[in-house]
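Observations on the three-dimensional arrangement
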Amino acid sequence: MGVPNWGDKTVWTGDNLPIMRGMNSASVDLIYLDPPFNSHANYAAPIGSKAAGAAFKDTWTLTDLDVEWLNLIEGKHPQLWRSIQAAAAPSYKSYLVYMAIRLLEMRRLLKPTGSIYLHCDPTMSHYLKVMMDAIFGHQNFRNEIIWAYAGGGDPPQGFPPETRHNPAVFQRGGSADLQRSASSLWTTQHNWTSSHRSRGHAQNGISPGWNPGQ
Ligand SMILES: C[S@@+](CC[C@H](N)C(=O)[O-])C[C@H]1O[C@@H](n2cnc3c(N)ncnc32)[C@H](O)[C@@H]1O
C-alpha cells in the first residue's frame, strides 16, 4: 500500500487533476465524486451569497487538447478509448475525456482494497459505467445505488428520472461491505452538500504531458 503524502481531512480547492497527480499511488481507501453531469448549463453562485464567485461550466466542446488526450488514451488504454468513441456527439466526447483522465488518476490513487462511488444522472451514466468497466474492471463493479431526493420519492404516476441519481460503485479488489459504506456515504454526502455549497472554478485546460493513470 502507498503511504499517504497528504494529511487526514485536508481540503484542496481548484482543479482536482493536478492535485491528484501530486498524491501517492495506492494511498486512498474511498473516493466519492459528484462531478459535472454534462447538463448543458453553466452555474454560478448568487451574488451576495456565501458562495458568491464560485462557478463552474457544464457545457462541453471538443477541443484540440481533448483530441490530444484521446490519442494518448488510444495508445495506452484501447478499451477505454473505444468506450469514449461510442459517444453520441463531439461534445459528449469532450466530457468523457475530462472524466476519463481523472478516473484514471483515481484508479492510481485507490488502494487495491479501495472503493470508488461515482454519482451521476442518466444523461451520461451509461457511458460512465462502460468507462469505469474499462478502467476498474467489470468484475470489480459492485452495485448501482438509486436514490430519491426528499419529497420526490413517491411520484403519483410514472417515474420521473430527474428525481433519481445513480452512484455506481466499484472496488479495486477484496469484498465490499456495501451496506455500511453506502449508508455512511449518504450521510457524508448529505452533510457535505448542506454545509459546502461553494467550490472553486475548475477547467479542463491541463496539457497531456504525462501518462494518464500510470
Ligand atoms: C454536480 S456539481 C456537485 C456539487 C456538490 N456535490 C453539491 O452538491 O453542491 C459538480 C462540482 O464539481 C466541481 N468541479 C468541476 N470540475 C472540477 C475539477 N476539475 N476539479 C474539482 N472540482 C470540479 C464544480 O465546481 C462543482 O462544484
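Small disclaimer: the values here were computed from a predicted structure and weren't measured. (Residues numbered from 1 in each chain as written. Predicted model: local features only at pLDDT ≥ 70, side-chain atom pairs only at ≥ 80, totals over all residues.)

Let us look at the overall build of the protein chain. Scanning the protein chain from terminus to terminus reveals six helices and seven strands. Along the chain direction, N to C, the helices and strands of the protein chain fall in the order α-β-β-β-α-α-α-β-α-β-β-β-α. Long-range pairs, those at least 24 residues apart, make up 73% of the contacts in the protein chain between residues at least 6 apart in sequence. (Helix = DSSP H or I, 4+ residues; strand = E, 2+ residues; numbered from the N terminus. Contact = placed C-beta atoms within 7 Å.)

Turning next to helix α4 (residues 90–109). Taking 1.5 Å per residue as the helical rise, α4 with its 20 residues ought to reach 28 Å, and the 29 Å between its terminal C-alpha atoms agrees with that figure. For α4, the tally of buried residues reaches 16 of 20 residues, placing the bulk of the element in the interior. (Expected span 1.5 Å × (residues − 1). Buried ≥ 20, exposed ≤ 12 C-beta atoms within 10 Å, placed from the backbone.)

The next point concerns unusual backbone geometry. The residue Ala26 is not glycine, and still its phi comes out positive at about 50°. Examined against the element boundaries, Ala26 turns out to sit in the loop between α1 (16–21) and β1 (28–33). According to the C-beta neighbour criterion, Ala26 is partly exposed, with 17 such atoms within 10 Å. Although it is not a glycine, His40 sits at a positive phi angle of roughly 60°. Here His40 shows up in the loop between β1 and β2 (41–44).

Time to look at the packing of helix α3 (residues 78–85) against helix α5 (residues 125–136). When two helices pack together, you describe them by how their axes are tilted relative to each other and by the distance separating the axes. Their axes nearest at 8 Å, the elements α3 and α5 cross at an angle of 175°. Between α3 and α5, the angle is such that the two are roughly antiparallel. Note on element contacts: α5 touches α3 through Val130, Met131, Ala134 and Ile135, opposite Gln79, Leu80 and Ser83. Across the contact of α3 with α5, the residue classes tally to five nonpolar, two polar and no charged. (Axes fitted to C-alpha atoms, helices over the stretch in contact; angles between N-to-C directions. Parallel < 35°, antiparallel > 145°, perpendicular 65-115°, else oblique. Nonpolar A, V, L, I, M, F, W, Y, C, P; charged D, E, K, R; others polar.)

Position of Met132 among the secondary structure elements: in helix α5. Residues Met132 and Val169, spaced 37 residues apart in sequence, show a C-alpha to C-alpha distance of 9.5 Å. For Met132, the residues in contact, after removing those within four places along its chain, are Leu103, Leu118, Ala168 and Phe170.

The next point concerns the nonpolar core. Counting 33 residues, the largest nonpolar core has Ala100, Met131 and Met132 as its most contacted members. Counting only elements with at least two residues in this core, the list comes to α2 (64–76), α3, α4, β4 (110–120), α5 and β7 (164–171). Top element by residues in this core is α4. It accounts for eleven residues. For Ala100, the residues in contact, after removing those within four places along its chain, are Ile73, Leu80, Ile84 and Met131. (Core = buried A, V, L, I, M, F, W, Y, C linked by C-beta atoms within 7 Å.)

Glancing now at α5. A rise of 1.5 Å per residue sets the reference length of α5, with its twelve residues, at 16 Å; its end C-alpha atoms lie 15 Å apart and thus fit the reference within 8%. Within α5, burial applies to Tyr127, Leu128, Met131, Met132, Ala134, Ile135 and Phe136. End-on view of α5: buried residues confined to an arc of 165°, all on one side of the axis. (Arc of directions from axis to C-beta.)

The topology assignment puts Pro112 in strand β4. Residue Pro112 is classed as exposed on the basis of its C-beta count, with 10 C-beta atoms lying within 10 Å. Here the alpha-carbon distance between Pro112 and Met1, two residues 111 residues apart in the chain, equals 7.8 Å.

Right, let's talk about the confidence of the model for the protein chain for a bit. Low pLDDT means the predicted atomic positions in that stretch should not be read closely. On average, the protein chain scores 80 in pLDDT, and the residues at 70 or more come to 71%. Highest mean pLDDT in the protein chain belongs to α4 (98); lowest belongs to helix α6 (residues 178–195) (40). Contacts of residues 174–205 to residues separated by more than four positions or lying in other chains number 33 contacts, the stretch itself having pLDDT below 50. (pLDDT = per-residue confidence, 0-100.)

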